[in-house]
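Chain and residue survey
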Amino acid sequence: MECSSCCVFFFYPIKAFKSDRNAESLLLEPEILHVLAPPFLSRTAENEALKSRGKRHRSFLRKKKEHLSSGEKPPKNLFTIEACLRVSVEEKTEQFHFLVFTDVFGNKTHGVVMQYYRQILVCIFYKECSNITSLYSPFGVCIISKYPYFTALKDCLSCLLFQLRSCRLPDLEERLKEFAIKLSLLPIPPPGHLHLMFQFNPLTIVLPSREDKNFPAIDLELHLPFLCFRPQQLLLVLSCLLQEQRVVLFSADWARLTLMAECLFIFLQPLTWQHPYVPVLARGMLDFLMAPTAFLMGCHLSHLTEVATETDDLILVNIDQGNVSTSLSDAIDLPEIPLAAADCFIQRSQSLQIHFDLDQYHSASCMDINDQRAQRRAWQQKLNNEIQRIALELLVNVFRDVSSHLNYEHRVFHSEEFLKSRDPDEQLFYRTVLDTHIFHSFLRDRLNKKMDMFAQMELSTQILTKRKGSVLGLNLILLFLYNYDLSLFAFPSVLFPALKSPPNPITVFKLPDFPVSLSFISVHAYYSELIQLLGKAIFSVQNENSALLARFYYLRGFINTLCSRRLDALSDFQNLNKTDTTIFPTHLVSWLVDSLQQDEVQQAHRRPELKRLIFKVLDNEKPVVQAENHIKKFELPQNPLDRDEFVRYIQECGIVKDAATIHRLFDALTNGQHNQVDPEVFRVFYTFWKETEAEAQDVNLPSEVISELDDSECVYKLSSCVKTSHGVGKIALTQKRLFLLTEGRPGFLDITKFRDIQEVKIATAPFLLVRIPSLRIRTSSRPELFEANLKMETELWYLIITEMWAGRKMADQDKDPHYMTQALTNVLLMDAVVGCLHPHKSISAASKLVYFNKIIHEVHMMVPKSTSETLKHKINPSLDLAEPQTVSVLLYTPGQLRGKNSQRVMNPKLWVALSGGRVVVFDAASWSMQQDCLQIGEAQVTCMMGLIQDQVWMGSLDSVIYIIDTNSMSCNKQLTEHRHEVTGLSVDTKDQLAYSCSCDGTILQWDSTSLKVKRQFYLSCDRLCSIRFYDGILWCCCGDSIVELKKSVLVAAEKSYLPSGLRVDLTKKICLLQHGQVWTGCSDSVELCLWQTNNLKHPHKRISLPGTSGVTCMIRVKSQVRWSRVGGFCDGQLRSLVLVVDLDSFTVTKELLAHSDSIQTLCSAEDRYVLSGSARRDGKIAIWQVE
């Protein structure tokens, strides 16, 4: 954030040239009379600078004029707008122009120019002009600023004009200097929804804030393009910009050029223009239009014919007439934006109400100009929001599927695969756009997983559609939908949010009135008053709106910095760090820390919160790791590949991500004979894979056949035409069944679903005088055998069908639909291996890819009946990762019909913490992955807690508590008061108090609204493992004891030491019940201990757990059932159990076989389901139904 520093230029005509014998045609030579920029110079120094500047300017023009003959007209200045500086016999209406200057680094500077007329002394040149009594000369004032406040600066200049009209010429300098100083006092609002308002008599002016810190503020009327163009023409202009054409805007009104260009760039956000941008070209700069690169420039309409004649391949946009043409013809021979996206844009554009008067006829007339302006401003803000949503929706519809063709780990964009997924009529447009700089910049943001407005809208408008493409891209939910009944999950079915959602409310903060005197004392008093007003604003919103509170802290911190109140500024920025880290001014805070005086450093170290902030700043003084910008295009290998290189290439090309599957593929392609894969073998395999994938997409099934299949079914393999026991035809394989596509008149004959298969074997069938290989399938759905004479394909189809059958059996048994996805992947890899290797060894190689069939026959255990009945589903949070990850923490947050600050429906969510700060979010209404990855710091998330409706708190190994906004799915708040690993979180819902603990024994009580520490307590123990708030008491699990803390005083009321041999380790958990009982357990004991809360001296009861090695986590569900996790070994394999303990009889009522690795966490979903997450060997989440 900065003050609105600006330069003010004042232009003054100093001499007239004789151009003809008409006084109004006198051309004026302009001079820059005043340049006012902070820090302001003394008058003497400034005059000297202007004097020397003016001399150089006049001598330059004089040299030019010396070469002119008496009959020639003077040259027009290259840096002024032609035909503007002429004297007039009458006072003309003032005019405003808008400018944008771009330096070589792409930094933009914005200008607003006001031209008005003043009466000047008359000097009679000609007798014909002797009747002229007065002349008016143009004067100009230009404000140059880093910020695009076109409307606000125009309003400021309008107020200045009101003062200049009554000002004498000798007083102009002082008046302009006073104007410039006032502008420099204004702070710029931080990104967000806080606007600043100030009084510049007679108008009230508003400085809007940026919605996104990466993009400038919007201070113009975005409906201007809709007033000038029909939606179809506007789409054509946007298409030209997306394809990086050479575009020139034309208008007879200079002001329209810049405003129109800025609107177009806003419509393209978050895509950013990467090429030259000159919205206003003077006559002397028209040669710029000959540049060979892409550009966007603007010219006066009078140059349209000349430009069209003299140049080639330009897109000419006539703003005044609303048409688009080229310099070669009136027709535009460029690919258009895809039809579906364009139609949606046109439909929504036609619904816009872009006329203020039509929208306000029902309202009363305003009696005050500022009231009328406020009314117009509110209308314009609403309209701008609607237009931005429509433009953003257009881009989302155009580029929605880009993310599905990205390999984030290896930063590869599969452009050819993306193009193949487009309709033929759209491919030329996409092929052009994909090669542009604007798209590559957009692609870098996608690969960096930037959560900008595009990503947020893409996420919020996702729909369940059947994708065209590889089976490896199949959404897990598609397999789940037809395998399991969603009615089992009694969560409300919620529609996806509509595009129209109300914008976040805008808050306007009024700045103090400008001081009468602009002395140092007056300016200091102005800022002191501003600090007081911000303090009142902070007090008024600290318990209501954390986002607004953060903006007020930001403003006050910056003003304190201006006033050299460094400690107060650091205190404000420390509070800002708690409420919104996205706008934390890291560089400014570092500068403040470095500039502290010795006494200030000592004072800061006596204030714990400032000491922590300074420690953090000093600790982070290391080179910032820049986001990766490279984008790779996949290329086939040229050299032999060892195992590790082969894994990388397969993952890069997007065939499969799972490392274990790739290792089996490596063994298949080398067939156990070599340690490297030949590049030619890789090329043949890759080509065969892509061809098979394309063939699967191009399978044209008759409508009669399609009607027999489920909506999500795709045909992934077809056999050759063979004779079967049910006639001649092709055997087709989907992810669900086998069916026969009969020859002659194509028809559908269902062979079997994979779950109905009873036996598959290879046999022989008579054919003339010989017997040929055939495949026989016995099913439970029909009594007779199905036999197919597959000849040379028999062995391959045997491997395929048995693998799919085994995958189906394991998916049904373990309630894990991912098994079918993996089995289908194995099948397609087998097919590709057989297709690329020599026939005599291809089947042997393909058999190395068999996975599920081996498990079924070698190590797979039958799932007990109680487990099968209770287990409802399994999900894999590591689905998009190369290897499974440990599920460290689970958190379920309920849904709601409306968000707190939004009209959107909020589905229930399941938050899953994996390793390295990675958090995956599932939609708990369908168990589909909603957010593939949130990066929460770099360290392991150790605990999570849902707080109110729109916050999730996450404690981490790095001692920070991260706060996630569930609406934006972003982490913008951090609590840094802990100094060691955060091990526990709990909440007192009655008083809206939160509790956190760290391993060193520190317990903090938080005000959940203001995020301030209300109390702090230190518990002396070896390690504080967890805390739980229940019925006014905070229960703490220490290394060897249970401690009871009274909420009212937050002191230890009673401490109970665990019995000898029952020590609590790092995974210690407790569970509290409403009957005054405390249950404890630990991972190195086979006992559960029951304690009475009124007597913690000795355990009330001990429960022995059968066949276990200890307890890692427990959870209470309803009032009758307790779920406990116990781990152990079964048949030599590591297995984990979920034990259900009855509270009345204190006996184990169920033993559920859960995972193939230890369970790390349990959580409850509204007491209807319990979810268990396991360590990395299994890495999955099981969903259990509560009876």
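Sequence order as written defines the numbering, with residues in each chain counted from 1. Only residues with pLDDT of at least 70 are given local features in this predicted model, and only at 80 or more are side-chain atom pairs given and counted; all residues enter the totals for whole chains, interfaces and linings. For side-chain calculations, the full set of non-hydrogen atoms in the structure is used, while hydrogens and water are omitted.

**Brief notes about the overall build of the chain**
Under the scheme used here, helices are H or I runs from DSSP no shorter than 4 residues and strands are E runs no shorter than 2 residues, and both carry numbers assigned from the N terminus. Per the secondary structure count, the chain includes 30 helices and 51 strands. What makes two residues a contact is simply this: any of their non-hydrogen atoms within 4.5 Å. At a minimum sequence separation of 6, the contacts of the chain that also span at least 24 residues come to 58%. Accessibility throughout is a Shrake-Rupley quantity obtained with a 1.4 Å probe, and a residue counts as covered only by protein chains that appear here. Total accessible area computed for the chain in this model is approximately 53400 Å², and 51% of it derives from carbon and sulfur atoms.

**Side note on the nonpolar core**
It is characteristic of soluble globular proteins that their nonpolar side chains tend to be buried jointly. We call a set of buried Ala, Val, Leu, Ile, Met, Phe, Trp, Tyr and Cys residues a nonpolar core when their side-chain atoms join them within 4.5 Å. Only protein chains enter the accessibility calculation, which uses a 1.4 Å probe; a residue whose area is less than 20% of its type maximum is buried, one above 50% is exposed, and one in between is partly exposed. Counting 155 residues, the largest nonpolar core has Leu249 and Phe399 as the members making the most contacts within it. Here this core takes 12 residues from helix H6 (residues 254-268), the largest share from any one element. Among the nonpolar cores identified, the runner-up in size contains 65 residues, and Phe634, Phe682, Ile757 and Met830 belong to it.

**Here we look at the sheet that holds strand E32 (residues 970-975)**
Whether two strands pair depends on DSSP finding at least two bridges between them. Within the open sheet, the 4 strands sit side by side as E29-E30-E31-E32. Their pairing is antiparallel. Strands with a single pairing partner mark the edges of an open sheet, and in this sheet they are strand E29 (941-947) and E32. Geometrically, the sheet is characterised by an average inter-axis angle of 25° between neighbouring strands, direction not taken into account. As paired strands, E29 and strand E30 (residues 951-956) are joined by 6 bridges and run antiparallel to one another. Paired with Gly946 across the strands is Val952, a residue of E30. Angles here are taken between N-to-C directions and fall from 0 to 180 degrees, while the axes themselves are lines fitted to C-alpha atoms, restricted in helices to the stretch in contact.

**Some points on the sheet that holds strand E11 (residues 315-318)**
Taking strand neighbours across the sheet as the criterion, the 5 strands line up as E9-E10-E8-E11-E12 in an open arrangement whose pairing is mixed. Two strands in the sheet have a free side with no partner beyond their single neighbour: strand E9 (277-278) and strand E12 (323-326). Direction of pairing for E11 relative to E12: antiparallel, over a ladder of 4 bridges. The residue of E12 that forms the bridge with Val317 is Val324. The strands that helix H5 (residues 231-242) touches are strand E8 (246-251), strand E10 (295-300), E11 and E12; relative to E12, the one it contacts most, it runs at about 40°.

**Brief notes about the pattern of salt bridges**
Counted as salt bridges are all cases of a side-chain nitrogen of Lys or Arg within 4 Å of a carboxyl oxygen of Asp or Glu. Inspection of every chain in the model, using the stated rule, returns 38 salt bridges. The closest approach of N and O atoms between Lys578 and Glu977, which form a salt bridge, is 3.0 Å. With Lys578 in helix H18 (residues 566-579) and Glu977 in the loop between E32 and strand E33 (982-988), this residue pair connects regions lying 399 residues apart in the sequence. Among the residues examined, Glu977 registers a relative accessible area of 9% and is labelled buried. With a shortest N-O distance of 3.0 Å, Glu981 and Arg1023 are connected by a salt bridge. Of this pair, Glu981 sits in the loop between E32 and E33 while Arg1023 sits in the loop between strand E36 (1012-1018) and strand E37 (1024-1030), and the two are 42 residues apart along the sequence.

**Examining the packing of aromatic side chains**
Aromatic contacts are taken between Phe, Tyr and Trp rings whose centres are within 6.5 Å, Trp giving its six-membered ring; a plane angle under 30 degrees counts as stacked, one over 60 as edge-to-face, and the others as tilted. Enumeration over the complete set of coordinates arrives at 35 aromatic pairs. With a centroid separation of 6.2 Å and an interplanar angle of 75°, the aromatic rings of Phe634 and Tyr649 are classed as edge-to-face. Note that Phe634 is positioned in the loop between helix H21 (608-619) and helix H22 (643-653) and Tyr649 in helix H22, a separation of 15 residues in sequence. Of the two residues, Phe634 and Tyr649, both sit in the buried class. Relative to Phe1029, the ring of Tyr995 lies with its centre 5.4 Å away and its plane at 10°, an arrangement referred to as stacked. Of the two residues, Tyr995 is situated in strand E34 (residues 993-998) and Phe1029 in strand E37; the sequence distance between them amounts to 34 residues. One exposure class covers both Tyr995 and Phe1029, and it is buried. These aromatic residues form a ring-pair network of at least three members: Phe399, Phe413, Phe418, Phe429, Tyr430, Phe439, Phe442 and Phe454. The lysine or arginine in question, Lys154, covers the ring of Phe96, its NZ or CZ lying 5.6 Å from the ring centre. Comment: the charge-over-ring label is applied if NZ (Lys) or CZ (Arg) is within 6 Å of the ring centre and within 35 degrees of the ring normal.

**Remarks on unusual backbone geometry**
With omega at 10°, the peptide bond leading from Asn201 into Pro202 counts as cis. Structurally, Pro202 can be placed in the loop between strand E6 (194-200) and strand E7 (203-207). Residues Gln269 and Pro270 are joined by a peptide bond in cis, for which omega reads 10°. Mapping Pro270 onto the fold places it in the loop between H6 and E9. The residue Ser564 is not glycine, and still its phi comes out positive at about 65°.

Don't take any of this as a statement about function, it's just geometry.
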